[in-house]
Amino acid sequence: MPGGKSSSFFSSCFSKRKSMPSHESPSSEPLLQQKDAITIQRRKNGWKAVPYILGIESITKMATYGLQTNFMVYLVREYHMDQVSAAYILNIWTGVYCLLTVVGASVADIYLGKFLTIALASLASLLGMVTITMTAFVPLLRPPPCILDGQKHLVQCVSNTKTQLGFLLAGLSLLAIGTGGIAPCSIPFSVDQFDSTTMEGRKSVHSFLNWYYASSTVIMLINQTLVVYIQDSVSWALGFGIPTLLILSVIPLFLAGSKIYHHVKPEGTTFISFAQVLVAAYKKRHLKLHNDERVCGVFLDVSSDGNVVLSKHSLTTKFSSLKKAALVVDDDLKDDGSCANSWKLCSIQQVEEVICFMKILPIWASGGICFMTSAQEGTFVVSQALKMDRHIGPNFEMPAGSIKVMSLITLCLCIPLYNRVLQPALRKITKHENGITTLQRIGLGYLFSILFAVVAGLVEQQRRASALSQASADGVAPLSVFWLFPQLMFLGMVELFGFVGHIELYNKEFPEKMRSIGNSLIYLCIAGATYLSTLVVSIVYSVTGKHGEPNWLDNDINAGRLDYFYILIAALGVLNFAYFWSCACGYTYTSSLKAVESKEADILV
């Protein structure tokens, strides 16, 4: 492409300076006044609005995470399922609500808007939790207790009926719908409350993301300790009923804050807009990009539905073939300057949004292997803890399932330390407004995931050696469970840098109207990491254990070689980091340009 006036190669579907009659020229004064009013509102109400939004998100997350933490125990104990069937239901449910985040995000960004989507989804979550709580309250909705003999040996256990199982699955489905609507919208809706076109606003967004994850960590801590204790030791009905009552109380609070929220209106079918760009670019694939008087570079700052756009993507040099979709040829515009056929001519901002999405996809794909390490926390790390000394003092033994508390405590301590101490120090050194760039933050998370796997392998090697040499009759090694703390500390760092970094990337790089869809990518990444972990485990289990060698993932952890499995995860992490590095080196951040008024009543990009 020749240098010089590169922006003159493209034109919007909505305006062309030479074609638009003077009486149809938009008035710039009302536009700028509206923009200033929105900016003032965001600066004034940003942090005031966030507690209302995070309140409903945190409480519904308590319900969802509470089920993930201990629901398998409920299915086995109360519904008399075998562990395979219970795990199957739980994994399917987790995968479904992760996939539903894409549906929820699309509905929010295209049709309902984030506020209405969260409000309706919270009602679905409430109905789901009420249904699940009723299974614990009403005896007829679950199988009768198993019959035991005098020595507490199992004599008879009645399985659940189709009606009982259907009622339970209905509750899980409603909760999945609610989570699918709230999860991808809560962060973007909170980010919408800040003015990202100012330095202060961007710092507020960055600080919010850190505190958002801190609140999530506190919720998980409560689930791992208090909620699990109530469900196991007091009552399942009370353990489910508390989150249900909290959801019921927080919905009115969320609705009460509606007057101070800044609402970004949905802007129509995003995916159709993507398809239009691809089709238009294909139809014009034979055209060449060159200086041409028929092409102008003027773009309105008002979308087709009247939404004010506070910032626009700057023109990039990548994917130049897609930009042919914005080239104006002889019959593309009507006499009034409007687009004749949106499948033949697209605005340059439509093209830039597609380019933005395509740039992020390789970075998103790299998250699967990184977050695969987090999937080990609830499986093989627990297996390690079961074969270690878990006593804290003479009378208390830590439940193996509560081992995650170590990584959560790390997060609780490190998030404020990073936000208040490390980040300001880095800001002075690097002169970057966030201390380090978003991709550098993600890269650090990937490095910590490698360190987790390496340290976990070394600790497992020592644990196994100790167990084989001096284990007790039950195979428990005389090694304190706190030897797992270093690897769990690194796992906490994976979430602090890697996971939060991905959240930050999607919320900063995606345009306002696509942020919910962008956040749904996070949950797709988690689902992908879970399924990828299952695939790797299946391959390792089927390949190893031949020719007289022990299976790496033997049911008896002392006979297996779990340390080799961890080293394999580390090797995959190294390859993944190399791939991420290659993607990050060629990545250019999306530069949002402020709306600028021209004397001719148009807004220039």
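So, how was this worked out
Within each chain, residue numbers correspond to sequence positions counted from 1 in written order. Restriction of local features to residues with pLDDT of at least 70 applies here, the model being predicted, together with a cutoff of 80 or more for giving and counting side-chain atom pairs; totals for whole chains, interfaces and linings are based on all residues. Water and hydrogen atoms were dropped before computing side-chain values, which therefore reflect all heavy atoms in the structure. Like-charged residues are merged into a patch within 9 Å and nonpolar side chains (Val, Leu, Ile, Met, Phe, Trp, Tyr) within 5 Å, provided each residue has over 30% relative accessible area and no salt bridge. Accessible surface area values rest on a Shrake-Rupley calculation with a 1.4 Å probe, where residue burial reflects the displayed protein chains alone. The rule for a salt bridge is simple: a side-chain nitrogen of Lys or Arg has to be within 4 Å of a carboxyl oxygen of Asp or Glu. A helix here means a DSSP run of H or I that spans at least four residues, while a strand means a run of E at least two residues long, and both kinds are numbered starting from the N terminus. Only protein chains enter the calculation, and the probe is 1.4 Å; a residue is then buried if its accessible area is under 20% of its type maximum, exposed if over 50%, and partly exposed in between. The nonpolar core is taken to be a set of buried Ala, Val, Leu, Ile, Met, Phe, Trp, Tyr and Cys residues, with the residues joined through side-chain atoms within 4.5 Å. Two residues form a contact once any of their heavy atoms are found within 4.5 Å. Comment: axis = line fitted to C-alpha atoms, over the contacting stretch for helices; angle = value between 0 and 180 degrees taken between N-to-C directions. Helix crossings are classified by the rotation of the near helix relative to the far one: an anticlockwise turn of less than a right angle makes the crossing left-handed, while a clockwise turn makes it right-handed. Asp, Glu, Lys and Arg are counted as charged, while Ala, Val, Leu, Ile, Met, Phe, Trp, Tyr, Cys and Pro are counted as nonpolar; the rest, among them Gly, fall into the polar class. The rule is simple: put a 1 Å grid over the protein atoms alone, call a set of points where a 1.4 Å probe fits but cannot get out a cavity, call an open set with protein on both sides within 12 Å along at least five of seven lines a pocket, and count a residue as lining if it has an atom within 4 Å of a point. Grid points are joined across faces, edges and corners, and a volume is the space filled by probe spheres set on the points. The predictor rates its confidence in each residue with pLDDT, a number between 0 and 100. Oblique is the label for every angle not falling under 35 degrees (roughly parallel), over 145 degrees (roughly antiparallel), or within 65 to 115 degrees (roughly perpendicular).

### A closer look at a nonpolar patch on the surface
Here comes step 1: Taken together, the side chains of Tyr111, Leu112, Leu116, Leu120 and Leu123 present a nonpolar region at the surface, about 470 Å² in accessible area.
Here comes step 2: Those elements that place two or more of their residues in the nonpolar patch are helix H2 (83-112) and helix H3 (114-137).
Here comes step 3: For Leu120, the location among the structural elements is in helix H3.
Here comes step 4: On the basis of relative accessibility, which here comes to 44%, the residue Leu120 falls in the partly exposed class.

### Describing the nonpolar core
Here comes step 1: One finds Phe71, Phe208, Phe240, Phe254, Ile403 and Leu484 to be the most contacted residues of the largest nonpolar core, which totals 133 residues.
Here comes step 2: The element contributing the most residues to this core is helix H13 (residues 485-509), with 12 residues.
Here comes step 3: Each residue touching Phe254, except ones within four places of it in the same chain, is listed here: Tyr52, Ile53, Ile56, Phe115, Ile118, Ala119, Phe189 and Tyr261.

### Some words on the packing of helix H9 (residues 367-375) against H13
Here comes step 1: Axis separation between H9 and H13 bottoms out at 10 Å; the angle between their running directions is 145°. For the pair H9 and H13, the sense of crossing is left-handed. Every residue of H13 that contacts H9 at Gly367, Cys370, Phe371, Thr373 and Ser374 is listed here: Leu491, Val494, Gly498, Phe499 and His502.
Here comes step 2: When grouped by side-chain class, the residues that make up the contact of H9 with H13 number 5 nonpolar, 5 polar and no charged.

### Details of empty space enclosed by the protein
Here comes step 1: Taken as a whole, this structure holds 6 cavities of 30 Å³ or more when the rule is applied.
Here comes step 2: Size it by volume and the largest cavity reaches roughly 100 Å³.
Here comes step 3: In terms of lining residues, the largest cavity is bounded by Glu57, Thr60, Lys61, Thr64, Tyr65, Tyr97, Thr179, Ile182, Ala183 and Tyr523.
Here comes step 4: Contributions of two or more residues to the lining of the largest cavity are made by helix H1 (28-78) and helix H4 (162-191).
Here comes step 5: Ranked by residue count, the leading element in the lining of the largest cavity is H1, at 5 residues.
Here comes step 6: Of the residues in the lining of the largest cavity, the class split is 5 nonpolar, 3 polar and 2 charged.

### Points about the confidence of the model for the chain
Here comes step 1: Residues of the chain with pLDDT of at least 70 account for 80%, and the chain-wide mean is 77.
Here comes step 2: Within the chain, the element-level pLDDT minimum falls on strand S6 (residues 603-604), averaging 32, and the maximum on helix H15 (residues 562-585), averaging 93.

### Regarding the packing of H4 against helix H14 (residues 515-543)
Here comes step 1: Interhelical geometry of H4 versus H14 gives an angle of 135° and a closest axis separation of 8 Å. Taken together, the axes of H4 and H14 lie oblique to each other. Both H4 and H14 take part in a crossing whose hand is right-handed. Contacts between H4 and H14 pair Ala183, Pro184, Cys185, Ile187, Pro188 and Val191 from the former with Arg515, Ser516, Asn519, Ser520 and Tyr523 from the latter.
Here comes step 2: By residue class, the composition of the contact of H4 with H14 is 7 nonpolar, 3 polar and 1 charged.

### Looking at the environment of Pro145
Here comes step 1: Tracing the backbone through its elements, the reader meets Pro145 in the loop between H3 and strand S1 (147-148).
Here comes step 2: Spatially, the C-alpha atom of Pro145 lies 8.8 Å from that of His80, the residues being 65 residues apart in sequence.

### Quick word on unusual backbone geometry
Here comes step 1: Non-glycine residue His80 carries a positive phi angle of around 55°.
Here comes step 2: By the secondary structure assignment, His80 is in the loop between H1 and H2.
Here comes step 3: The phi dihedral of Lys431 falls on the positive side, at around 65°, and the residue is not glycine.
Here comes step 4: You can see Lys431 is positioned in the loop between helix H11 (405-430) and helix H12 (438-470).

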